[in-house]
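Chain and residue survey
Single-letter residue listing:
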Amino acid sequence: MGMNKTSTLSLCVGVSLVAMTGWAGGAEAETAGAGNNSYADIIVTANKREQSLSDVGLSITAETGDTLIQRGITSPTDLGKIVPGLTVQPSPFNTPVYTLRGIGFYETTLSAAPTVAVYTDEVALPFSAPSRGAAFDIERVEVLKGPQGTLFGQNTTGGAINYIVAKPTNELDAGATASFGRFSTYDVQGYVSGPMSDTLKARVAVRTIQSGTWQKSFTRSDDLGKQDMLQGRILLDWQPSDRLKFLLNVNGWRDKGDTQAAQIVSDNCAGSTEGTCGSPDATNFKNYPRSPMNPRAADWGYGVFGRRPARDDSFWQASLRADLDLNDNLTLTSISAYSHYKTDSVQDFDGTTYASVDTNTTGYIKDFAQEIRLTGTLDNLNFIIGGNYNKSKTYDRLFYNFSEGPSSNPLWMIPGAPRGVLTFNYSRQDVKNLAAFANAEYKITPNITLIGGIRYTDSKRDFEGCTNDFGGQTAIWWNTLFGTNVQPGGCITFTQNFPEIFDPALFDKLNEHNVSWNVGANYKTDGGMLLYTRVARGYKSGSFPTASVSSYTGYQPVKQESVTAYELGIKGPLMDRRIEYAIAGFYYDYKDKQLRGRKPDPTFGTLDGLVQIPKSRIWGVEGSIVGRPVDGLRVSLGATYINTKIKEFEGFDAFGDLRNFSGQKFPYAPKLTAVADVEYQAALSGSMEGYIGVSATHNSKTTTALANTTTAFVDADPRFNVKAYTLIDLRAGLEFPNSNVRAGIYVRNVGNVYYWTNVQDNLASISRFAGMPRTYGIQVSWHM
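Here we summarise the structure given alongside this text. (Residues numbered from 1 in each chain as written. Predicted model: local features only at pLDDT ≥ 70, side-chain atom pairs only at ≥ 80, totals over all residues. Heavy atoms only, no water.)

**Some remarks on the pairing of strand β25 (residues 448-469)**
Remember that side chains alternate between the two faces of the sheet whenever the strand is regular. Convention followed: A pair of strands counts as paired when DSSP detects no fewer than two bridges linking them. Only runs of H or I of at least four residues qualify as helices and only runs of E of at least two qualify as strands under DSSP, and these elements are numbered from the N terminus.
The pairing of strand β24 (residues 422-443) with β25 spans 21 bridges and is antiparallel. In the strand pairing of β25, Lys 432 is matched with Lys 460. Turn length for the β24-β25 hairpin, with the two strands adjacent in sequence and antiparallel, is four residues. Where β25 and strand β26 (residues 506-524) come together, 18 bridges link them in antiparallel fashion. Within β26, the position partnered with Arg 455 by the bridge is Ser 516.

**A word on the side chain of Gln 189**
Here is the rule we go by: Exposed residues in this analysis have more than 50% of their type's maximum accessible area, buried residues have under 20%, and partly exposed residues fall in between, with area computed by a 1.4 Å probe over protein chains only. Between two residues, a contact is recorded if the distance between any of their heavy atoms is within 4.5 Å.
Its location among the elements puts Gln 189 in strand β12 (residues 185-195). A relative accessible area of 12% means that Gln 189 is categorised as buried. Ignoring any residue separated from it by four or fewer positions in sequence, one finds Gln 189 in contact with Ile 69, Phe 136, Asp 137, Gly 175, Ala 176, Thr 177, Val 206 and Arg 207.

**Quick notes on the side chain of Arg 311**
So the rule is basically this: In protein, a polar contact means a hydrogen-donor-capable atom and an acceptor-capable atom, both N or O and within 3.5 Å, with residues adjacent in sequence counting only if both atoms are side-chain atoms; elsewhere, any N or O pair within 3.5 Å suffices.
Following the sequence through the fold, Arg 311 ends up in the loop between β19 (297-298) and β20 (313-325). For Arg 311, a relative accessible area of 17% translates into the label buried. Within the local environment of Arg 311, its side chain forms a polar contact with the backbone oxygen of Asp 258, the two atoms lying 3.1 Å apart.

**Examining the sheet that holds β19**
Strand order across the open sheet formed by three strands is β15-β14-β19, with mixed pairing between neighbours. This sheet does not close on itself; its edge strands, each paired only once, are β15 (223-224) and β19. As defined by bridge partners, strand β14 (residues 215-217) adjoins β15 across two bridges and the pair is classed as antiparallel. Each bridged residue has a counterpart across the sheet, and for Gln 215 the counterpart in β15 is Leu 224.

**Comments concerning helix α3 (residues 473-482)**
Buried within α3 we find Thr 474, Ala 475, Trp 477, Trp 478 and Phe 482. Lining the buried residues of α3 we find β24 and β25.

**Looking at the packing of aromatic side chains**
Note the threshold: Ring pairs are drawn from Phe, Tyr and Trp, using the six-membered ring of Trp, whenever the two centres fall within 6.5 Å, and their geometry is named by plane angle: stacked under 30 degrees, edge-to-face over 60, tilted for the rest.
Here the structure, examined in full by the defined rule, presents 28 aromatic pairs. Ring plane angle 50 degrees and centroid distance 5.5 Å describe the contact between Phe 285 and Tyr 354, whose orientation is recorded as tilted. Of this pair, Phe 285 sits in helix α2 (residues 280-287) while Tyr 354 sits in the loop between β21 (330-348) and β22 (358-378), placing them 69 residues apart in sequence. With relative accessibility at 22%, the residue Tyr 354 sits in the partly exposed group. Centre to centre, the rings of Phe 305 and Phe 470 are 5.9 Å apart; their planes meet at 50 degrees, and the pair counts as tilted. Highlighted residues: Phe 305 in the loop between β19 and β20 and Phe 470 in the loop between β25 and α3, separated in sequence by 165 residues.

**Focus on the pattern of salt bridges**
Keep this limit in mind: Salt bridges are identified by distance alone: a Lys or Arg side-chain nitrogen within 4 Å of an Asp or Glu carboxyl oxygen.
Taken as a whole, this structure holds 40 salt bridges when the rule is applied. Asp 137 is paired through a salt bridge with Arg 203; the nearest N and O atoms lie 2.9 Å apart. Highlighted residues: Asp 137 in the loop between β8 (123-125) and β9 (138-145) and Arg 203 in strand β13 (residues 200-211), separated in sequence by 66 residues. Classification of Asp 137 as buried rests on a relative accessible area of 10%.

**Observations concerning a nonpolar patch on the surface**
This is how it is decided: Here a patch means residues that are over 30% exposed by relative accessible area and free of salt bridges, tied together within 9 Å if like-charged and within 5 Å if nonpolar (Val, Leu, Ile, Met, Phe, Trp, Tyr). We get accessible surface area from the Shrake-Rupley algorithm with a probe of 1.4 Å; when it comes to residues, only the shown protein chains can shield them.
Residues Val 204, Val 206, Ile 234, Leu 248, Val 250 and Leu 320 make up a contiguous nonpolar surface patch of roughly 440 Å² in combined accessible area. Going through the elements one at a time, β13 and β17 (244-255) are the ones with two or more residues in the nonpolar patch. In this structure, Ile 234 sits in strand β16 (residues 227-238). Given the relative accessible area of 44%, Ile 234 is considered partly exposed.

**Considering the pairing of strand β10 (residues 159-165)**
For β10, the tally of buried residues reaches seven of seven residues, placing the bulk of the element in the interior. Alternating positions in β10 separate into two faces, Gly 159, Ile 161, Tyr 163 and Val 165 on one and Ala 160, Asn 162 and Ile 164 on the other, with burial throughout. Of the strand pairs in this sheet, β9 and β10 are connected by seven bridges, and their pairing is antiparallel. What sits directly across from Lys 145, in β10, is Gly 159.

Given below as structure tokens:
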């Protein structure tokens, strides 16, 4: 049964927004009331100015950096432990995919614009791949739900994740945190901060994560899964006058760890012997042992020139922020940033030792961004007017070794025919975005505030790409099959005039523009309760894929998508602020949703490709409750429930048949996500306190396939189901306030739950990516 927009505004108990005082630089927190049981109210900058979290008419989750460390949240991919409604899918190509309230885009091309943008100190990471190292030496993180763009530099349909890094301090300060755990994993980070002169302050922070392997081959003696990550940041805060200040941020990371191997679930032919499914390669996959139901079990090969599945990725960024107070009410802000990301990684994700999708990804992202804005306060009006420019150059190249996959040997029945496919495909995409934005909040009475914002964005994207022969064999059988004249190393992608081949590559353009906006109203009672309503429209730009295809249709772009969001919420205190709650209902009208689906291919039947869903919708409810009912006890609970539905879409299934997918749910969108955390802290002596805590994360079942619901037109495919799971983490330890030391133990995934986060079709096999097994260790923190 469908639900209208009004009926979605139901109530649900949900996610917590808990503030903890800092151990390593700390978030700005104010005690919002008297006594030890009062709620610590986090100060956020979601509206580009400091506000109490309880005064912002928007669904936000915020946490301090120290809470993230204590909970084992070491990267943006772990944020689902504290943010219900957020799921993060690790992908084989090192690009995390963020999905918030069901809005996500599972596309691993380096230049694909995300539905959920990641920022550090309001500086956008315009693509998802560099975001892996964002969660480091931070003051707090803010996750904003719903379309964004009138305040933040990047236009998005799902939301924004903003990391606020820890800043230089007025006095000398230093601190360190170290942990050691299972699989010989150690995570060590530290900082030094303080003044260098009367006008200059600095902060230097470093971190390393190292570990042994955690995956084991179930067919031979081999292992995989080591970590080798280094991160660093230098901040310089210069204030030459009372009205002018600069903040220089130079940061970077490098990752030389292993890539994750997959677990084979089934072979792709599913018992068929037709065509290439009757080949010896197909028989190899049919007879390959299936992976045990064990998170550590996996299998992989060395089909990329004998290289180990591992990565050699790096990222560095420099940003300069300047704030000039024109007077007591007007501030001019400039933010300039340049970043450079580089990758060279090897993946094998078919779950076997055979070379069917052994890949080597190389590429780079070079990005420059400039934002200028004027922020002001005039009587009861707060406003922002600004502009944003962004220019990116990206290159993405994938080498594929298909030589032992069934679909890569169409000439297997011809004696003496060349065997195997070695190809590489690439895309070179240059992107320019130019935007102007404005946002205003006007207090018409002491209790009522009206909000409005608008943004115009002009986007231009140039594309060059092709699938090419590698080594000559593909060219030989391409010419044999289709009568072409492909030269060794040449492009093998067909033009519209089949069997004509692009020479030297396919070139295309995608130019778009849009107007995003938001309107809302806040009503704050004298008792502290906030009622808010918000209607917003956001856009996500279109893009071209990097894909291994034989037809030009596989490189056709998807155009921009849009979401119009309707939200009504309430948040406030109870019991003299011993309890804080937040409840929201929302409805999303989704147009032209971008999705990885199937497209016909003249050689391989169907292949993954970018498709668009003309009409779809999401409705949901979520909320938050956090309380300190007695001294030392902190309790937080949370949940988000969503209902997704495709209203109109015809597309192709895995067999190349045109299907009506109306009525299907969104992939990667569990209906229910929930988090909970309870911690009790008490004095054990005059100089020592003890603490014990437990946290839980629950995701209901979902799917990675478009055909996930049986209707009159489509049968659900259970091979791509992601089962529901609940993870429990424990922590306990001691604090010594006089010496500023905290020491404890932790156990994560206490029940050693076997779960997985992704399932995919590899043409030869269906494989899944398992989550981490139980881990445990010790953690020690100190600060001056």
